[in-house]
Amino acid sequence: MARAQHKIFVLDTSVILYDFNAIHNFQEHDVAIPITVLEELDSFKKGNSVLNLQAREFIRQLDRLSDGNMLDAWIPLNGAASGKFRVLTDESAPVDAVEVFGTKKADHRILNAALSLTRSEPSRRVILVSKDINLRLKARALNLPAEDYETVKIKDLDHLYKGKSEVELPDPELIDRLYREESVPIEEMLPGQPKPTSNHYFILRSQGRSGLGYFNPRTDRVERVMKGQAYGILPRNAEQTFALAAVLNPEIPLVTLSGAAGTGKTLIALAGALEQRRDFRQIYLARPIVPLSNRDIGFLPGDILSKINPFMQPLWDNLGIIKNQFGEREREYKKVDELVETEKLHIVPLAYIRGRSLSNVIFIVDEAQNLTPHEVKTIITRAGEKTKIILTGDIFQIDTPYLDAQSNGLSYLIDRLRGNPLYAHVNLEKGERSELANLASMLL
């Protein structure tokens, strides 16, 4: 009788391409995959992108599970608390989605398979799980319950870690002491308060005085953050000062910078990397390639660098801003061109880093909000000795169809790594591109 209470979740292709382990994340409930999904995955199995990897890994999982005939019976998943799994071939739904919506496309066949399952399993609740909003809307139009895949989704986006906070101190002498001694024990700076998150940044105020500091978990002290500069770029506000301090801190190998367009995320990351160029073998720059109109970079002419250059133009623009802090005859101006020519500063496609070990490099990934959690994990697990990784992005500006502010890789990383001594995050809020850009952000 208890068995009848277990739900059946029907997964579509978008879920598998987002997380190849999805079938193991429904606890005691059963999972079904329409045969149409396997047909679609077959077209994804060749290639170097993360989508291709997800498809191949899922197909390998099916191969390991296929001791029995999963087309005819439910196959137990691994683990005592797990449910069962099967592939759906029956698409003879009581209400034909192909007729209702007018086209015989894969999505409508998936709907028919799920609807057919509701008829064959009348005592069970059947739920379609999809990252595709349109498919979920169509399912509900046919009275089929539909949900987003939320296993790696941030539950409370409003309280996503920002990396910084303002603190009003009762005694201004504490700020004077921070300037005088450069650091103050945490229990003396914030008496009676819980220990802050590792590498958390503070704007400290008291009776008209102010100072900047951060909590160093290695020393258990609030250390002063000074407003420095990096390769001619000077921070314009406190949060940019924090961001640059995190990028330049050799004890923090993983940094994320989030914020809207014009807050200076990419510029600070690049300037900080150039400032540290002598400490690393190479500087790698990358952005996720989000093709327009679903056209991959293969349709562009030329070699791989020629293909990816149009997508990397914002990185070149920021390098141009940094170069133009100096005159054309100055050594720093020429050094940027020299770094590019000698590939000391190198643009890399993300699809080509899998399997590599990136040792003694500083790796900047721009627009990281367009990565899935698995892609972010793939990048970070490439880090070898003496490597620093910086990810920048705006979690509210997603350019890929199956990600949102709660499910993208950057949000996931911020949520999961908060508090780790090897990690620092700063959310930049104040636009510094221009007064006109700020006006447009506020009013348009």
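Let me begin by describing the structure that accompanies this report.

Basis of the calculations
Residues numbered from 1 in each chain as written. Predicted model: local features only at pLDDT ≥ 70, side-chain atom pairs only at ≥ 80, totals over all residues. Heavy atoms only, no water. Helix = DSSP H or I, 4+ residues; strand = E, 2+ residues; numbered from the N terminus. Buried < 20%, exposed > 50% of the residue type's maximum accessible area, 1.4 Å probe, protein only. Areas by Shrake-Rupley, 256 points an atom, 1.4 Å probe, with all protein chains shown as cover. Pairing = 2+ DSSP bridges. Right-handed = clockwise from strand over helix to strand, strands pointing away. Axes fitted to C-alpha atoms, helices over the stretch in contact; angles between N-to-C directions. Contact = heavy atoms within 4.5 Å. Left-handed = near helix turned anticlockwise from the far one by under 90°. Nonpolar A, V, L, I, M, F, W, Y, C, P; charged D, E, K, R; others polar. 1 Å grid on protein atoms, 1.4 Å probe; cavity = no way out; pocket = protein on both sides within 12 Å on 5 of 7 lines; lining within 4 Å. Points joined across faces, edges and corners; volume = space filled by probe spheres on them. Salt bridge = Lys/Arg side-chain N within 4 Å of Asp/Glu carboxyl O. Phe/Tyr/Trp six-rings, centres within 6.5 Å; stacked < 30°, edge-to-face > 60°. Lys NZ or Arg CZ within 6 Å of the ring centre and 35° of its normal. Core = buried A, V, L, I, M, F, W, Y, C linked by side-chain atoms within 4.5 Å.

**Some words on the overall build of the protein chain**
If you tally the helices and strands in the protein chain, you get 16 helices and 17 strands. Expressed as a percentage of its 444 residues, the buried residues of the protein chain come to 51%. Accessible area for the protein chain stands at about 21,600 Å²; split by element, carbon and sulfur atoms hold 50% of it.

**So, the pairing of strand β5 (residues 126–129)**
Every second residue of β5 is oriented toward a common face, with Val126 and Leu128 on one face and Ile127 and Val129 on the other, all of them buried. Sheet topology note: the strand β1 (residues 8–11)/β5 ladder contains four bridges and is parallel. Counterpart to Phe9 in the pairing with β5 is Ile127. Both β5 and strand β6 (residues 146–147) contribute to a ladder of two bridges, which runs parallel. Bridging from a neighbouring strand, Val129 pairs with Glu147 of β6. In this fold, β5 hands off to helix α6 (residues 133–141), which returns the chain to β6; that crossover is right-handed.

**Re the sheet that holds strand β12 (residues 254–259)**
Read across the open sheet, the six strands follow the order β14-β13-β15-β16-β12-β17; overall the sheet is parallel. In the strand order of this sheet, the two ends are held by β14 (345–347) and β17 (423–428), each with one partner. Across the sheet, the mean angle from the axis of one strand to that of its neighbour is 15°, orientation sign disregarded. Alignment of strand β15 (residues 361–365) against strand β16 (residues 388–393), held across four bridges, turns out to be parallel. Note on β16: the bridge partner recorded for Ile362 is Lys388. Here helix α9 (residues 238–248) sits on the sheet in contact with β12, β16 and β17, set at roughly 155° to β17. Helix-sheet contacts for helix α10 (residues 265–275) involve β12, β13 (282–286), β14, β15, β16 and β17, and the interaxial angle to β16 is about 160°.

**Concerning the packing of α10 against helix α12 (residues 313–323)**
Look at α10 against α12: their axes get within 10 Å of each other, and the N-to-C directions meet at 60°. Where α10 crosses over α12, the handedness of that crossing is right-handed. Along its contact with α10, which presents Thr266, Leu267, Leu270, Ala271 and Leu274, the element α12 presents Leu315, Asn318, Leu319, Ile321 and Ile322. Per-class residue counts for the contact of α10 with α12 are eight nonpolar, two polar and no charged.

**Re empty space enclosed by the protein**
To locate leftover empty space, one rolls a probe as large as a water molecule over the atoms. Applying the stated criterion to the full structure yields one cavity of 30 Å³ or more. Looking at the largest cavity, its volume works out to about 40 Å³. Residue lining of the largest cavity: Ile23, His24, Asn25, Phe26, Gln27, His29, Val31, Leu77, Ser82 and Gly83, and that is the complete set. Tallied by class, the residues present in the lining of the largest cavity amount to four nonpolar, six polar and no charged.

**Observations concerning the pattern of salt bridges**
Tallied over the full model, the rule gives 25 salt bridges. Here Glu39 makes a salt bridge to Arg109, at a shortest N to O gap of 3.0 Å. One end of the pair, Glu39, is in helix α2 (residues 35–42); the other, Arg109, is in helix α5 (residues 106–120), with 70 residues separating them in the sequence. As a salt-bridge pair, Arg109 and Glu91 come within 3.2 Å of each other at their nearest N and O atoms.

**So, the packing of aromatic side chains**
Applying the stated criterion across every chain yields a total of seven aromatic pairs. Between Phe9 and Phe26 the ring centres are 4.7 Å apart and the planes differ by 35°, which places this aromatic pair in the tilted class. Pair noted here: Phe9 is in strand β1 and Phe26 is in the loop between α1 (13–18) and β2 (30–34), with a separation of 17 residues, a long-range link. Considered together, Phe9 and Phe26 belong to a single accessibility category, that of buried residues. Where Tyr231 meets Phe326, the ring centres are 5.5 Å apart and the plane angle is 80°; that geometry is what we call edge-to-face. Placement of the pair is Tyr231 in the loop between β11 (221–224) and α9 and Phe326 in the loop between α12 and α13 (331–341), with a sequence separation of 95 residues. Side by side, Tyr231 and Phe326 carry an identical accessibility label, which is buried. Through a chain of ring-to-ring contacts, the aromatic side chains of Phe9, Tyr18, Phe26 and Tyr149 assemble into a single cluster. Looking at Arg86, its charged tip hangs above the ring of Trp74, at a distance of 5.8 Å from the centre. Lying over the aromatic face of Phe101, Lys138 brings its terminal NZ or CZ to 5.3 Å of the ring centre.

**Side note on the environment of Val10**
Turning to its location among the elements, Val10 is positioned in strand β1. Between the C-alpha atoms of Val10 and Leu88, which are 78 residues apart in sequence, the distance is 9.1 Å. Dropping the residues within four chain positions of it, Val10 is found in contact with Ala32, Pro34, Leu88, Ala114, Leu117, Val126, Ile127, Leu128 and Val129.

**Here we look at the nonpolar core**
One finds Leu11, Ile23, Phe85 and Leu128 to be the most contacted residues of the largest nonpolar core, which totals 48 residues. Ranked by residue count, the leading element in this core is α5, at six residues.

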